[in-house]
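# Coordinate analysis (summary)
For reference, the chains in residue letters:
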Amino acid sequence: MSPSPQHPARDTIPLGDIELHDNYLPALPAGDYRIEVTHALRTEQDDNAPVVGDTFTAVQTFTVRAPQVAIDPAAVVARQPPDASSGRFAEVLPHVVLGDPMLPWERALKGAPAGTPWLALLVLTDDQLVGGTDAPTRTVSGTVGEFLASDPAVLKPAPALESDIGDADPCTYIQIAAEEFHAVAPRLDELRFLAHCRGANTGDRPILGLQEDGLFSVVVAGRFPADGPPGSTTATKNIVHLVSLEGHEKILVDDPDFQGRTSVALLSVAGWSFWAYPDLQAGFADLAEGLTRTPDGAQAGREQMWLRLASPYPDTDATPAPRRQVARRLNDGYVPLPYLTRSGESTYGWYRGPLTPVMPVATARAAQATTADALIGYDPTWGSFDVSLATAFETGRALALADSAFAQHLLAFKHAARHLVDTLYHQATSNHLPPEGARTARTAFGTLLDGGLLSVLGTAAGRPDTPWTPPAPAAPPADAAQALEEFLRSGTTRATITAALADGDGLAEHFAPIAQWLGRLMLLLPVPFIHLVPEERMLPKESLRFFHADPSWLDALVSGALSIGAQSSRDTLQDQIVAAAVRAAAARTAAAHRDTLRGTAASAAEDTGDGLGSAARPVSGLLLRSALASGWPNLAVRAAGPDGTPLPVLRMDHLAPTVLLCLFDGLPATVELREPQEGFRFGVEDHGLIFLRNMLPPRPPADLRLGEQIGTHATFGVLDHLRTGTGNGRVVNIGSLIPALQAALDAAHGTTVGPIGPADLAMQMVKVPEAIRFTGPNGDRG
């Protein structure tokens, strides 16, 4: 494959597809540059003609900056195997995914051709590292000056430091025994095969500050992890470092000269560790399969995949009525919690959060409530309280009061709305304006001008026939409060207020931030986790639970937030009228929240949706509490409807390192958890083999797509090409591997496929991303 060109259409990559490129080369590598321009004036056009006067010379120096001694930790998108993980990783080539697609090639190594990365990934064990015993990854923290200071026992690099890097700048480095460095370090001509560029659509991943729908760079280790001897059950610690090789070019050869030094110092820009077991422990497949098991190891049924407590009683006719009532409440997602009544009595109340195992039925009173007490339910048959919606109301009110900026916007918005309503009411009841048509002084005066007032003013004044008297003021209504209420409830007033929200009149200034804040609230972003999952047993460790979002709970939550600042019944009525437009705008904001973060939100003019949680578009989702969430932070989650159309993701966030929340716009027929395609694994299958993949365009008779496995018969033994004399080093001999793989691919295709590049090697070494699929919102595993 050719070097990567600019990629202007990176957001057109379909979900699940990837693009592989050999590299992403900068137009000018990083470093200090000098431009010198010389101008000479000659007596003739001939270059040999005498020069008149002195030669004029201008010199300009500049620096192309790029990371050299450290990188931004946020640039590391994914590590494989994950940090601090344990599992059967002996057949996996560790790699790191970087958010900057150009980073590995921004610096040039001396004597290396274009396309050679300056970064390499080294897999080491504790006995291969020197010093750094205080750090988990055996690193030493210091300054650039300390790192480069001469040491008779340590071979230091000789990089050409950029002008903006000083001796006092901090850095992190490691020291490797010289012989061990020679055993595990790639050779200079091998480096280009150990890095490539990859394009992937990240629309099905949590928002983690990624370069959305873009390119990533990948640096792969040239060594398989060390594991225990056959039959052993002891894990082996492996330490991985992304190191700079700049200044060490002379020792990246088969017979290096370490100048009598016993160790080599290298800058480490990223590092992590993991434990490799010789037997299968906790890889992706094992963790994903564990989500479908009960604590006793049995296969979980659909009823056990909902977010709720397990009922100790069956919901059958043979069950006593009190126990059956408890079973029904628990099956509906409720939990009993201590409750202290207004009168001071201690009892219990049933509570259910916004994430329910049953399809909720919306109630209008949640959106109309002005107090939490109005939403407390009481069951006289069993003498029990339902405090779910009341809790939602108080939660929304507390969150609004805790955010001073939102509270100020809301109070200013209510004041402006009250002023607008007063203006509209006085205009409607004034008898100083025409009874029809214009209802403001400005428009009434404009009507007079259009009616020929100027021509009348130009004629001689005449004597009036009748005396003029001012109009009598209108009689006040018999019930002023009732008249104002009728005016507020009128369709004309509602339409005028709704239009004013966008047109101005003091409302638009505060309306947008209110809608944005409430949109986040409807996605439960600021809601405490204990309100979502009130009992830990509802979401045990290594579990996956599905749910529906309760629109009544969300309505009560918003009602509580909007309730602050109401001082009278007129305020309450006005809030109810304005709230409809506010809720609609908040729902649109919530529905576009994730697209807004990813920069793909449609404009308001293009938005034709009904908003979050409408009757036509219910909201559902899942909660994952597993090492899958922490080990694969870019875990792909995809939901599809009955026709296979992907459902929009409203929210996908880590609530904790091991807890992932996803909200879908609709009810999925299938939900899939998959290893991210930009962070999948490299390595070999059992017995050290890989299945060869097609490298040619589709052609008969097989019509294999690019990258598709040719067949079970077309295999290649990667472990047959390891360096010799390295003990348990298991370092790949790239110089032997590439020509042998080339010959195997030519034979499998029946024709010459061309030279193998970094992207081609990556495609052949890919271990297909593993996935688990659940069919139907009930959680059946597929």
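In the block above lies the structure referred to throughout.
Residues numbered from 1 in each chain as written. Predicted model: local features only at pLDDT ≥ 70, side-chain atom pairs only at ≥ 80, totals over all residues. Heavy atoms only, no water.

Our focus in this paragraph is the overall build of the protein chain. Looking only at helices and strands, the protein chain features 19 helices and 33 strands. Taking all 782 residues of the protein chain together, the buried fraction comes to 49%. Within the protein chain, counting contacts between residues at least 6 apart in sequence, those at least 24 apart form 74% of the total. (Helix = DSSP H or I, 4+ residues; strand = E, 2+ residues; numbered from the N terminus. Buried < 20%, exposed > 50% of the residue type's maximum accessible area, 1.4 Å probe, protein only. Contact = heavy atoms within 4.5 Å.)

This part is about the sheet that holds strand 25 (residues 649–656). Working definition: the strands of a sheet are paired by backbone hydrogen bonds and lie parallel or antiparallel to each other. Pairing is antiparallel in the open sheet, where five strands are placed in the order 19-22-23-26-25. In this open sheet, the two strands that pair with only one neighbour each are strand 19 (355–356) and strand 25. With six bridges connecting them, strand 25 and strand 26 (residues 659–665) associate as antiparallel partners. Paired with methionine 652 across the two strands is cysteine 662, which belongs to strand 26. (Pairing = 2+ DSSP bridges.)

Let us now look at empty space enclosed by the protein. By the definition in use, this model includes eight cavities of 30 Å³ or more. Roughly 140 Å³ of volume is contained in the largest cavity. Lining of the largest cavity is provided by 15 residues; of these, Leu93, Leu194, Val220, Leu761 and Met765 occupy positions nearest its centre. Contributing elements (two or more residues each) for the lining of the largest cavity: helix 18 (734–749) and helix 19 (758–765). Among the elements that line the lining of the largest cavity, the one with the most residues is helix 19, at four residues. For the lining of the largest cavity, the class distribution of residues is 13 nonpolar, two polar and no charged. Here the second largest cavity is characterised by a volume of approximately 80 Å³. Forming the boundary of the second largest cavity are 14 residues, of which Val184, Pro186, Gly222, Arg223 and Val731 lie nearest the centre. Here the lining of the second largest cavity gets three residues from one element, more than from any other, and that element is strand 8 (residues 119–124). (1 Å grid on protein atoms, 1.4 Å probe; cavity = no way out; pocket = protein on both sides within 12 Å on 5 of 7 lines; lining within 4 Å. Points joined across faces, edges and corners; volume = space filled by probe spheres on them. Nonpolar A, V, L, I, M, F, W, Y, C, P; charged D, E, K, R; others polar.)

The strand order 17-18-21-20 describes an open sheet built from four strands, whose pairing is mixed. Of all the strands in the sheet, just strand 17 (335–340) and strand 20 (377–379) have a single pairing partner and so form its edges. Strand-to-strand twist across the sheet, computed as the mean angle between neighbouring axes with direction ignored, equals 40°. Pairing between strand 17 and strand 18 (residues 346–351): six bridges, direction antiparallel. Within the sheet, the bridge partner assigned to leucine 340 lies in strand 18 and is serine 346. (Axes fitted to C-alpha atoms, helices over the stretch in contact; angles between N-to-C directions.)

Turning our eyes to something else, we now look at the pattern of salt bridges. Applying the stated criterion across every chain yields a total of 23 salt bridges. Glutamate 91 is the partner of arginine 730 in a salt bridge, and the nearest nitrogen-oxygen pair spans 3.7 Å. Taken as a pair, arginine 730 in the loop between strand 30 (715–717) and helix 18 and glutamate 91 in the loop between strand 5 (86–87) and strand 6 (92–93) lie far apart in primary sequence, 639 residues in all. Taking the shortest distance from any N to any O, the salt bridge between arginine 187 and aspartate 254 comes out at 3.0 Å. In this pair, arginine 187 is assigned in the loop between helix 2 (178–184) and strand 13 (195–200) and aspartate 254 in the loop between strand 15 (236–244) and strand 16 (263–276), connecting sequence segments 67 residues apart. For arginine 187, a relative accessible area of 10% corresponds to the buried category. Residues participating in the shared-partner salt-bridge network are Asp315, Asp317, Arg324 and Arg328. (Salt bridge = Lys/Arg side-chain N within 4 Å of Asp/Glu carboxyl O.)

Moving on: the packing of aromatic side chains. For the structure shown, the criterion picks out ten aromatic pairs. Between phenylalanine 406 and tryptophan 517, the aromatic rings sit 3.9 Å apart at their centres with planes inclined by 20°, giving stacked as the arrangement. Pair noted here: phenylalanine 406 is in helix 7 (residues 404–429) and tryptophan 517 is in helix 12 (residues 508–522), with a separation of 111 residues, a long-range link. As far as the burial class goes, phenylalanine 406 and tryptophan 517 line up, both buried. (Phe/Tyr/Trp six-rings, centres within 6.5 Å; stacked < 30°, edge-to-face > 60°.)

Attention now goes to the side chain of histidine 721. Within the fold, histidine 721 resides in the loop between strand 30 and helix 18. The buried category is assigned to histidine 721, whose relative accessible area is 14%. Setting aside residues up to four positions removed in sequence, histidine 721 forms contacts with Phe716, Val731, Val732, Asn733, Ser736, Leu737 and Ala740.

Taken N-terminus to C-terminus, the directions of helix 6 (residues 388–402) and helix 14 (residues 551–562) make an angle of 40°; their axes are 6 Å apart at the nearest point. By the criterion of interaxial angle, the relationship of helix 6 to helix 14 is oblique. Remark: the crossing between helix 6 and helix 14 carries right-handed chirality. Contacts between helix 6 and helix 14 involve Ser388, Leu389, Ala392, Phe393, Thr395, Gly396, Arg397 and Ala400 on the former and, on the latter, Ser552, Trp553, Ala556, Leu557, Ser559, Gly560 and Ala561. Among the residues forming the contact of helix 6 with helix 14, the class breakdown is eight nonpolar, six polar and one charged. (Parallel < 35°, antiparallel > 145°, perpendicular 65-115°, else oblique. Left-handed = near helix turned anticlockwise from the far one by under 90°.)

Let's shift gears to the pairing of strand 18. A loop of five residues connects strand 17 with strand 18, the two strands running antiparallel in sequence, and glycine 344 in this loop sits at a positive phi of about 90°. In terms of strand pairing, strand 18 meets strand 21 (residues 384–386) through two bridges, oriented parallel. Paired with glycine 349 across the strands is phenylalanine 385, a residue of strand 21.

Spanning 23 residues, helix 15 (residues 569–591) covers 32 Å between terminal C-alpha atoms, matching the ideal 33 Å at 1.5 Å per step. The largest bend in helix 15 is about 35°, located at alanine 579. (Expected span 1.5 Å × (residues − 1). Bend = angle between axes of the 7 residues up to and from the residue.)

Relative to the helices and strands, threonine 294 resides in the loop between helix 3 (284–290) and helix 4 (321–331). A relative accessible area of 15% means that threonine 294 is categorised as buried. The residues touching threonine 294, leaving out its near neighbours within four places in the chain, are Ala300 and Gln304.

Further remarks concern the nonpolar core. In terms of nonpolar packing, the biggest core is built from 75 residues, with Leu518 and Leu623 touching the most fellow members. Counting residues per element, this core draws most heavily on helix 7, at ten residues. Those residues in contact with leucine 518, other than ones at most four positions away along the chain, are Phe406, Val558, Ala561, Leu562, Val582 and Ala586. Formed by 48 residues, the second largest nonpolar core is a distinct cluster that contains Val76, Ala120, Val219 and Ala276. (Core = buried A, V, L, I, M, F, W, Y, C linked by side-chain atoms within 4.5 Å.)

Relative to the 21 Å expected for 15 residues at 1.5 Å per residue, helix 12 spans 21 Å between its end C-alpha atoms, a close match to the ideal helical length. For helix 12, the full list of buried residues reads His510, Phe511, Ile514, Ala515, Trp517, Leu518, Gly519, Leu521 and Met522. Directly beyond the C-terminal end of helix 12, a positive phi value near 65° is found at leucine 524.

Across the junction of glutamine 80 and proline 81, the peptide omega takes the value -5°, indicating a cis bond. Residue placement: proline 81 occurs in the loop between strand 4 (76–80) and strand 5. In this structure, alanine 84 is a non-glycine residue whose phi angle is positive, near 65°. Checked against the element boundaries, alanine 84 lands in the loop between strand 4 and strand 5. Phi at leucine 524 takes a positive value of approximately 65°, unusual for a residue other than glycine.

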